[in-house]
Amino acid sequence: MEKNKNGLVAFALLGLAAGTAAYYLLGTEDGKRQLDRANEGVKSLTKSIKELSKKEAKRAAKLAKSAKADLENLKDKAKEAGKHALDSASDKAQQWASKASEAANTASNKADDVIAEAKSEINKA
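Scoring rules and cut-offs
Residues numbered from 1 in each chain as written. Predicted model: local features only at pLDDT ≥ 70, side-chain atom pairs only at ≥ 80, totals over all residues. Heavy atoms only, no water. Helix = DSSP H or I, 4+ residues; strand = E, 2+ residues; numbered from the N terminus. Buried < 20%, exposed > 50% of the residue type's maximum accessible area, 1.4 Å probe, protein only. Lys, Arg positive; Asp, Glu negative; His and termini not counted. Charge placed at Lys NZ, Arg CZ, Asp CG, Glu CD. Salt bridge = Lys/Arg side-chain N within 4 Å of Asp/Glu carboxyl O. Patch = residues over 30% accessible without salt bridge, like charges linked within 9 Å, V, L, I, M, F, W, Y side chains within 5 Å. Areas by Shrake-Rupley, 256 points an atom, 1.4 Å probe, with all protein chains shown as cover.

S.K.: Even after reading the chapter, I still don't get the overall build of the protein chain, so can you show me in this structure?
M.R.: Counting secondary structure elements, the protein chain contains two helices and zero strands. Along the three orthogonal principal directions, the C-alpha set of the protein chain runs to about 140 × 45 × 10 Å. Here the protein chain, with 125 residues, has 1% of them falling under the buried criterion. The centroid of the 24 positive side-chain charges in the protein chain is displaced by 12 Å from the centroid of its 18 negative side-chain charges.

Structure (structure tokens):
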């Protein structure tokens, strides 16, 4: 019973305080000025937040555009590096193939020379 009584008194005091504040803000000239200033402050804060949001959105868009350009640049560089590596590997492969071909021709010519010399020796004998 004591708890209910204390709760009821607290609720009544809270209601009285809210009513007094409402009367002060709405019923007196000073209260109306305070309420108007508070409203202007809220409007100003809202406007500032909107402006800041627009600025940050523009900044984010610029950053995204810059990041996209950087990514494209890196992709192009990677493509060029890959192409260069393939060209270099192809050049080396051609050089080795040419050397192998020259070595095979040299061996073939030597074999032809040995065969010709052997035939000559057989004919002499």
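After presenting the structure, the write-up continues.
S.K.: Sorry, what's going on with the pattern of salt bridges here?
M.R.: When the charged atoms of two side chains lie near each other, side chains of opposite charge can form a pair. As enumerated under the stated definition, the model contains two salt bridges in all. Here E56 makes a salt bridge to R59, at a shortest N to O gap of 3.5 Å. Of this pair, E56 and R59 are both found in helix α2 (residues 29-124), three residues apart, which corresponds to roughly one turn of the helix. The salt bridge involving E72 is made with K75; its shortest N-O contact spans 3.6 Å.

S.K.: Would you mind showing me how to read the environment of S48 here?
M.R.: Topologically, S48 is positioned in helix α2. Look at S48 and you get partly exposed, because its relative accessible area is 39%. Residues S48 and D30, spaced 18 residues apart in sequence, show a C-alpha to C-alpha distance of 27 Å.

S.K.: So what exactly am I meant to see when it comes to a nonpolar patch on the surface here?
M.R.: A cluster of nonpolar side chains, namely V9, L13 and L16, defines an oily patch on the protein surface of about 300 Å² accessible area. Within the element layout of this structure, L16 appears in helix α1 (residues 2-27). Given a relative accessible area of 56%, L16 falls into the exposed group.

S.K.: Help me understand a positive patch on the surface in this model?
M.R.: Judged by side-chain charge, K50, K54, K58 and K62 come together as a positively charged surface patch. Given a relative accessible area of 59%, K54 falls into the exposed group.

S.K.: It is not clear to me how the environment of N73 should be interpreted in this structure. Could you clarify?
M.R.: Mapped onto the secondary structure, N73 falls in helix α2. You can call N73 partly exposed: its relative accessible area is 41%. Each C-alpha atom, one on N73 and one on S108, is 52 Å from the other, the two residues being 35 residues apart in sequence.

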